[in-house]
Structures are given as C-alpha cells and as structure tokens.
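# Examination of the molecular architecture
Letter by letter, the chains look like this.
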Amino acid sequence: MIHSDTDIFFMNMALDEARKAAEHGEVPVAALVVRNNEVIGKGSNSKHLDPTAHAEIIAIREATERLGTWNLRGSTLYVTLEPCPMCAGAIVLSRIKCLVYGAADPRAGACGTLYNIVQDSRLNHRCEVIKGVLAQESANLLWDYFKKRRQNSSAP
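Conventions used here
- Residues numbered from 1 in each chain as written.
- Predicted model: local features only at pLDDT ≥ 70, side-chain atom pairs only at ≥ 80, totals over all residues.
- Heavy atoms only, no water.
- 1 Å grid on protein atoms, 1.4 Å probe; cavity = no way out; pocket = protein on both sides within 12 Å on 5 of 7 lines; lining within 4 Å.
- Points joined across faces, edges and corners; volume = space filled by probe spheres on them.
- Nonpolar A, V, L, I, M, F, W, Y, C, P; charged D, E, K, R; others polar.
- UniProt positions renumbered as here; feature names shortened; annotations may be inferred.
- Helix = DSSP H or I, 4+ residues; strand = E, 2+ residues; numbered from the N terminus.
- Buried < 20%, exposed > 50% of the residue type's maximum accessible area, 1.4 Å probe, protein only.
- Contact = heavy atoms within 4.5 Å.

Another point: the layout of surface pockets. Over the atoms rolls a probe the size of a water molecule, and in doing so it shows where empty space is left. When its volume is computed, the largest pocket comes out at roughly 530 Å³. In this structure, the largest pocket is lined by 21 residues; those nearest its centre are Val-27, Leu-81, Asp-105, Leu-142 and Phe-146. Of the residues belonging to the lining of the largest pocket, the class tally is 13 nonpolar, two polar and six charged.

Quick look at the structure:
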C-alpha cells in the first residue's frame, strides 16, 4: 500500500517522540493528534507512572485541553503501534476522524488485529483506519528496545 506524504511526515514525527521515550526508559510508543496539518497533542508512553498513561491517552488529553473540548472531530491520530482496547475506546469517545498507525500489535491490537473497536458498527462513532505506515521502522524500534532490556537484565 502506498501511503501519503502527510502520513509519512507525521509518522516520522511520532517515531522521533518514541525514540525520546526509549531514552527515558519507556517502551518506545508515541502518538500525535493532528488537525489541519498542525500537531495539537502529543504523547509517549509513561506507564511507569500510571498504567493508563499510554501515548494515545496522553496525546488525546493534551489535544482536548488545548482545544477546550472533548470532541476531536476532524482530527487524525498518528501512533507508532496499533492501539490497545483502552486506547481504541478513547479514540471512539473523542470522535477522532482517522487513525494512522505503524506496527500491528498481535498481543493487544484493538484496531484490526485482535479486535476492531474503532470500526465497530454497534458503537456511536467509527473512524477511518490506515495501517502500516512506517510499520517496519516502528517494529524495529520496539524490537531493539526489548532486545536491549533483555540483554541488560541478563548481565552479570
């Protein structure tokens, strides 16, 4: 699948945020909320502080605070890893128009892999999903992070 230059641009920006998270010892996952080609919210995993502090939740919170409304209609969420069920629920509840993600998550993916919460016709909102934008780069970042963690935990 060929992805748009805009999607690649913002996913590269999300990957930069994910790299910063890894430098701080967090799992390298990051998210951006974009409206009218402007980043209105960004986040990276901070789960060492709070188990609900996923990148998507942080980015959505920042965007809603900036706009002064919970309704993010017309916005696109870029995230380096397919959202989990909690984050997929937040995407639906905040009325995000489009989700663009990098790597699929075979263990917790709730936007097409294990579940498809964001496109479930039983819910009152659905969003467009664009999968696999810079997927290999996103996956490699995660693999490298966990490989280093395993090596560090087995050091004498």
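UniProt's entry tags Glu-56 with the feature "active site" (unreviewed entry), counted in the numbering of this structure. Here Glu-56 lies in helix α2 (residues 55-67). Classification of Glu-56 by relative accessible area gives buried; the value is 4%. Leaving out residues up to four positions away in the same chain, Glu-56 has contacts with Ala-31, Leu-77, Val-79, Leu-81, Pro-83 and Cys-87.

The residue Asn-36 is not glycine, and still its phi comes out positive at about 50 degrees. Along the polypeptide, Asn-36 turns up in the loop between β1 (30-35) and β2 (38-44). Assessed through its relative accessible area of 73%, Asn-36 is described here as exposed. Residues other than glycine seldom take positive phi values, yet Asn-37 does so here, at roughly 60 degrees. Mapped onto the fold, Asn-37 is located in the loop between β1 and β2. Residue Asn-37 is classed as exposed on the basis of its relative accessible area of 59%.

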